[in-house]
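# Examination of the molecular architecture
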Amino acid sequence: LECSANLRRHIDAEVPQLSQEEQQKRVHIISTLAEMFANWVRDVCIHKGYSEQVANNAGGGVFTSGSYRLGISESGMDIDTICVAPQMVKREDFFDSLKAILEDHDSVTNLSSIEGAAVPIITFDFDTVNIDLLFASLPLDSIPATLDLNDDNVLKGVDEGT
């Protein structure tokens, strides 16, 4: 615990932290992305011929990772996210229709995607904050709001790219 306390003191002293306003901006951006993603998952399901009920229950979530998730809020840092969808939504959908939605969004600039990378990613600036989106399709019919990404069992049955 002493080492953790020392590390925290060092970070607080040496790393420029975000203002309260900037922290709230990031929370708002993540909330906006989560809403966009859930609506997109629903639309993909409808487009693929699933019923309204299945589409409405499909869920989909945007989870933070990396330094943001660890609570390190250094000024200028990006936000790493993992977009988690049910099994009927595929990586191809992510790089096709979600990418198109993001490209058309007024707050999104500098968008690029690397589909063939070891870790496929869409990266962009959302209202000047850099966002890295990763994608995971889980072998579930719906993604519960209570999904715990810390549970290794979540990864059972996923494809290699996930």
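Read on for an overview of the structure.

Take a probe with the size of a water molecule and roll it over the atoms, and the empty space left behind shows itself. Enumeration over the complete set of coordinates arrives at two cavities of 30 Å³ or more. The computed volume of the largest cavity comes to approximately 50 Å³. Around the largest cavity, the lining residues are L33, M36, F37, C83, L98, L102 and L133. Of all the elements in the fold, those that place two or more residues in the lining of the largest cavity are α2 (20–47) and α5 (91–104). It is α2 that contributes the most residues to the lining of the largest cavity, three residues altogether. Broken down by class, the residue content of the lining of the largest cavity amounts to seven nonpolar, no polar and no charged.

Below, the discussion takes up the pairing of strand β3 (residues 108–114). Here five bridges tie β3 to strand β4 (residues 121–126), and the two strands are oriented antiparallel to one another. The residue of β4 that forms the bridge with I114 is I121. Count of turn residues in the β3/β4 antiparallel hairpin: six residues.

Right, let's talk about the pairing of strand β1 (residues 61–65) for a bit. For β1, the buried fraction is high: five of the five residues fall into the buried class. By the alternation rule, side chains of β1 split into G61, F63 and S65 and V62 and T64, which are all buried. Two elements, β1 and strand β2 (residues 79–85), share five bridges in a ladder whose sense is antiparallel. Within β2, the position partnered with F63 by the bridge is I82.

What counts and what doesn't
- Residues numbered from 1 in each chain as written.
- Predicted model: local features only at pLDDT ≥ 70, side-chain atom pairs only at ≥ 80, totals over all residues.
- Heavy atoms only, no water.
- 1 Å grid on protein atoms, 1.4 Å probe; cavity = no way out; pocket = protein on both sides within 12 Å on 5 of 7 lines; lining within 4 Å.
- Points joined across faces, edges and corners; volume = space filled by probe spheres on them.
- Helix = DSSP H or I, 4+ residues; strand = E, 2+ residues; numbered from the N terminus.
- Nonpolar A, V, L, I, M, F, W, Y, C, P; charged D, E, K, R; others polar.
- Pairing = 2+ DSSP bridges.
- Buried < 20%, exposed > 50% of the residue type's maximum accessible area, 1.4 Å probe, protein only.

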